[in-house]
Amino acid sequence: MVANSHEPGRRRANGEREAEILAVLQEAGTPLTPGEVVEHLGDDLTYSTVVTILSRLHTKQLLTRTPRGRAYAYSPVADEPGLAARRMRGVLDERPDREAVLTRFVDGLSSADEELLRHLLGPEQDLDR
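A few points on the structure. Residue indices begin from 1 for each chain and proceed along its sequence in written order. Whole-chain, interface and lining totals are the exception, using all residues; otherwise, since this is a predicted model, local features are given only for residues with pLDDT of at least 70 and side-chain atom pairs are given and counted only at 80 or more. As a rule here, side-chain values come from all non-hydrogen atoms in the structure, and water together with hydrogens is ignored.

Points about the overall build of the chain
A helix here means a DSSP run of H or I that spans at least four residues, while a strand means a run of E at least two residues long, and both kinds are numbered starting from the N terminus. In terms of regular secondary structure, the chain is built from six helices and two strands. Going from N to C terminus, the chain has its helices and strands arranged as α-α-α-β-β-α-α-α. By the burial criterion, 27% of the 129 residues in the chain qualify as buried. Of all intrachain contacts in the chain linking residues separated by at least 6 positions in sequence, the fraction that spans at least 24 positions is 45%. About 8,800 Å² of surface is accessible on the chain, with carbon and sulfur atoms providing 52% of the total. Each residue's exposure class comes from its accessible area (1.4 Å probe, protein chains only) as a fraction of the maximum for that residue type: buried when under 20%, exposed when over 50%, partly exposed otherwise. Any two residues whose heavy atoms approach within 4.5 Å are treated as being in contact. Reported accessibility uses the Shrake-Rupley method at a 1.4 Å probe radius. Residues are deemed covered only where the shown protein chains occlude them.

Below you can see the structure in the form of C-alpha coordinates.
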(Lines give C-alpha, C1' and ligand atoms only; values in the text may rest on other atoms or scores of the structure.)
Protein backbone atom coordinates (compact mmCIF):
# COMPACT_ATOMS: atom_id res chain seq x y z
CA MET A 1 0.00 0.00 0.00
CA VAL A 2 1.25 3.47 -0.84
CA ALA A 3 1.67 5.64 2.21
CA ASN A 4 -0.54 8.66 2.67
CA SER A 5 2.11 11.39 2.55
CA HIS A 6 0.04 14.54 2.22
CA GLU A 7 -0.66 16.99 4.96
CA PRO A 8 -4.24 17.03 6.29
CA GLY A 9 -6.29 19.78 4.69
CA ARG A 10 -3.63 20.50 2.04
CA ARG A 11 -5.01 20.39 -1.48
CA ARG A 12 -2.78 18.40 -3.81
CA ALA A 13 -2.15 19.31 -7.45
CA ASN A 14 -3.44 16.98 -10.15
CA GLY A 15 0.13 16.15 -11.16
CA GLU A 16 0.79 14.96 -7.63
CA ARG A 17 -2.32 12.80 -7.68
CA GLU A 18 -1.40 11.41 -11.09
CA ALA A 19 2.06 10.51 -9.78
CA GLU A 20 0.51 8.76 -6.76
CA ILE A 21 -1.79 6.71 -8.97
CA LEU A 22 1.00 5.85 -11.41
CA ALA A 23 3.11 4.69 -8.45
CA VAL A 24 0.26 2.44 -7.24
CA LEU A 25 -0.10 0.91 -10.70
CA GLN A 26 3.67 0.42 -11.06
CA GLU A 27 3.88 -1.19 -7.63
CA ALA A 28 0.92 -3.50 -8.29
CA GLY A 29 2.52 -5.03 -11.36
CA THR A 30 -0.91 -6.03 -12.63
CA PRO A 31 -3.81 -4.03 -14.08
CA LEU A 32 -6.06 -2.46 -11.44
CA THR A 33 -9.63 -1.20 -11.55
CA PRO A 34 -10.44 2.24 -10.10
CA GLY A 35 -11.84 0.56 -6.99
CA GLU A 36 -8.62 -1.38 -6.48
CA VAL A 37 -6.60 1.82 -6.91
CA VAL A 38 -8.75 3.51 -4.22
CA GLU A 39 -8.08 0.54 -1.89
CA HIS A 40 -4.32 0.74 -2.50
CA LEU A 41 -4.21 4.50 -1.94
CA GLY A 42 -5.96 4.28 1.41
CA ASP A 43 -6.57 8.04 1.51
CA ASP A 44 -9.33 10.52 0.87
CA LEU A 45 -9.57 10.29 -2.92
CA THR A 46 -13.06 9.39 -4.02
CA TYR A 47 -13.82 6.71 -6.57
CA SER A 48 -14.96 9.34 -9.09
CA THR A 49 -11.74 11.33 -8.64
CA VAL A 50 -9.67 8.20 -9.27
CA VAL A 51 -11.75 7.39 -12.39
CA THR A 52 -11.18 10.93 -13.68
CA ILE A 53 -7.43 10.77 -13.09
CA LEU A 54 -7.16 7.31 -14.67
CA SER A 55 -9.12 8.53 -17.70
CA ARG A 56 -6.81 11.53 -18.07
CA LEU A 57 -3.72 9.34 -17.81
CA HIS A 58 -5.21 7.04 -20.45
CA THR A 59 -5.93 10.02 -22.72
CA LYS A 60 -2.29 11.11 -22.27
CA GLN A 61 -1.33 7.60 -23.43
CA LEU A 62 0.41 6.82 -20.14
CA LEU A 63 -1.95 3.93 -19.35
CA THR A 64 -3.59 1.10 -21.21
CA ARG A 65 -6.98 -0.18 -20.18
CA THR A 66 -8.88 -3.40 -20.65
CA PRO A 67 -12.47 -4.17 -19.74
CA ARG A 68 -12.91 -6.04 -16.47
CA GLY A 69 -16.52 -6.59 -15.54
CA ARG A 70 -18.31 -3.25 -15.57
CA ALA A 71 -15.08 -1.25 -15.18
CA TYR A 72 -11.72 -0.94 -16.85
CA ALA A 73 -8.47 -2.24 -15.43
CA TYR A 74 -5.54 0.10 -15.99
CA SER A 75 -1.81 -0.49 -16.29
CA PRO A 76 1.14 1.76 -17.17
CA VAL A 77 2.45 1.64 -20.74
CA ALA A 78 6.02 1.61 -19.40
CA ASP A 79 8.02 1.31 -16.21
CA GLU A 80 9.20 4.41 -14.33
CA PRO A 81 12.33 4.98 -16.47
CA GLY A 82 10.25 4.43 -19.61
CA LEU A 83 7.68 7.01 -18.52
CA ALA A 84 10.47 9.52 -17.79
CA ALA A 85 11.93 8.88 -21.25
CA ARG A 86 8.49 9.47 -22.81
CA ARG A 87 8.25 12.83 -21.00
CA MET A 88 11.72 13.80 -22.23
CA ARG A 89 10.79 12.89 -25.82
CA GLY A 90 7.57 14.88 -25.47
CA VAL A 91 9.47 18.00 -24.43
CA LEU A 92 11.90 17.51 -27.30
CA ASP A 93 9.07 17.01 -29.80
CA GLU A 94 7.44 20.30 -28.71
CA ARG A 95 10.49 22.37 -29.63
CA PRO A 96 11.29 23.43 -33.21
CA ASP A 97 15.11 23.30 -32.80
CA ARG A 98 15.92 19.79 -31.60
CA GLU A 99 19.66 20.33 -32.01
CA ALA A 100 19.66 23.35 -29.70
CA VAL A 101 17.58 21.54 -27.08
CA LEU A 102 19.80 18.46 -27.16
CA THR A 103 22.95 20.59 -27.06
CA ARG A 104 21.73 22.46 -23.99
CA PHE A 105 20.68 19.19 -22.39
CA VAL A 106 24.12 17.63 -22.92
CA ASP A 107 25.84 20.84 -21.77
CA GLY A 108 23.98 20.55 -18.46
CA LEU A 109 24.95 16.94 -17.77
CA SER A 110 27.41 16.03 -15.06
CA SER A 111 30.64 14.40 -16.19
CA ALA A 112 29.37 11.03 -14.98
CA ASP A 113 26.07 11.37 -16.88
CA GLU A 114 27.88 12.51 -20.01
CA GLU A 115 30.16 9.49 -19.80
CA LEU A 116 27.13 7.23 -19.32
CA LEU A 117 25.48 8.77 -22.38
CA ARG A 118 28.66 8.22 -24.40
CA HIS A 119 28.67 4.59 -23.29
CA LEU A 120 24.98 4.12 -24.18
CA LEU A 121 25.46 5.66 -27.64
CA GLY A 122 28.42 3.39 -28.33
CA PRO A 123 32.16 3.95 -28.77
CA GLU A 124 31.83 5.40 -32.29
CA GLN A 125 29.71 8.32 -31.07
CA ASP A 126 31.35 11.67 -30.46
CA LEU A 127 29.60 14.09 -28.09
CA ASP A 128 32.29 16.77 -28.28
CA ARG A 129 30.66 20.11 -28.98
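Additional details are given in the paragraphs that follow.
Quick notes on unusual backbone geometry
The phi angle at Gln61 is positive, at roughly 65 degrees, despite the residue not being glycine. As for its placement among the helices and strands, Gln61 is situated in the loop between α3 (47-59) and β1 (63-68).

Brief notes about the pairing of β1
Relative to strand β2 (residues 71-76), β1 runs antiparallel, the two sharing six bridges. Its bridge partner being in β2, Pro67 is matched across the sheet by Tyr72. Note on pairing: DSSP must find at least two bridges between two strands before they are called paired. From the end of β1 to the start of β2, which pair antiparallel, there are two residues, and Gly69 there has a positive phi angle of about 65 degrees.

A look at the packing of helix α2 (residues 34-41) against α3
Only the stretch in contact is used when a helix axis is fitted, and all axes are lines through C-alpha atoms; the angle between N-to-C directions ranges over 0 to 180 degrees. α3 packs onto α2 with a crossing angle of 110 degrees between their chain directions and a minimal axis gap of 9 Å. Relative to α3, the element α2 is oriented roughly perpendicular. As for the relative orientation of α2 and α3, their crossing is right-handed in sense. Note on element contacts: α3 touches α2 through Tyr47, Val50, Val51 and Leu54, opposite Pro34, Gly35, Val37, Val38 and Leu41. Angle categories are assigned with fixed cut-offs, so that under 35 degrees is roughly parallel, over 145 is roughly antiparallel, 65 to 115 is roughly perpendicular, and the rest are oblique. Note: crossing handedness is left-handed where the near helix turns anticlockwise from the far helix by less than a right angle, and right-handed where it turns clockwise.

Points about the pattern of salt bridges
When a carboxyl oxygen of Asp or Glu is within 4 Å of a side-chain nitrogen of Lys or Arg, the pair counts as a salt bridge. Scanning the entire structure with this criterion turns up five salt bridges. Note that Arg98 and Asp93 form a salt bridge whose closest N and O atoms lie 2.8 Å from each other. A relative accessible area of 42% means that Arg98 is categorised as partly exposed. The shortest N-O distance in the salt bridge between Glu94 and Arg95 comes to 3.0 Å. Judged by its relative accessible area of 58%, Glu94 falls in the exposed class.

Examining the nonpolar core
Core analysis: the biggest nonpolar cluster contains 16 residues, and Ile21, Leu25, Val37 and Leu54 have the highest contact counts within it. Broken down by secondary-structure element, the contributors of at least two residues to this core are α1 (14-28), α2 and α3. Once you skip the residues sitting within four places of it in the chain, Val37 turns out to touch Ile21, Val24, Leu25, Leu32, Val50 and Leu54. Nonpolar cores are built from buried Ala, Val, Leu, Ile, Met, Phe, Trp, Tyr and Cys residues. Side-chain atoms within 4.5 Å join them into one set.

Some details on the side chain of Thr33
Inspection of the secondary structure puts Thr33 in the loop between α1 and α2. Setting aside residues up to four positions removed in sequence, Thr33 forms contacts with Arg68, Tyr72 and Ala73.

A word on the packing of helix α4 (residues 80-94) against helix α5 (residues 98-107)
To describe two helices that pack against each other, one gives the angle between their axes and the distance between the axes. The interhelical angle for the contact between α4 and α5, taken along N-to-C directions, is 135 degrees, at an axis separation of 8 Å. Relative to α5, the element α4 lies oblique. Contact residues: α4 offers Met88, Leu92 and Asp93, while α5 offers Arg98, Val101, Leu102 and Phe105. By the convention adopted, Pro, Cys, Tyr, Trp, Phe, Met, Ile, Leu, Val and Ala count as nonpolar, Lys, Arg, Asp and Glu as charged, and the other residues, Gly among them, as polar. Tallied by class, residues from the contact of α4 with α5 come to five nonpolar, no polar and two charged.

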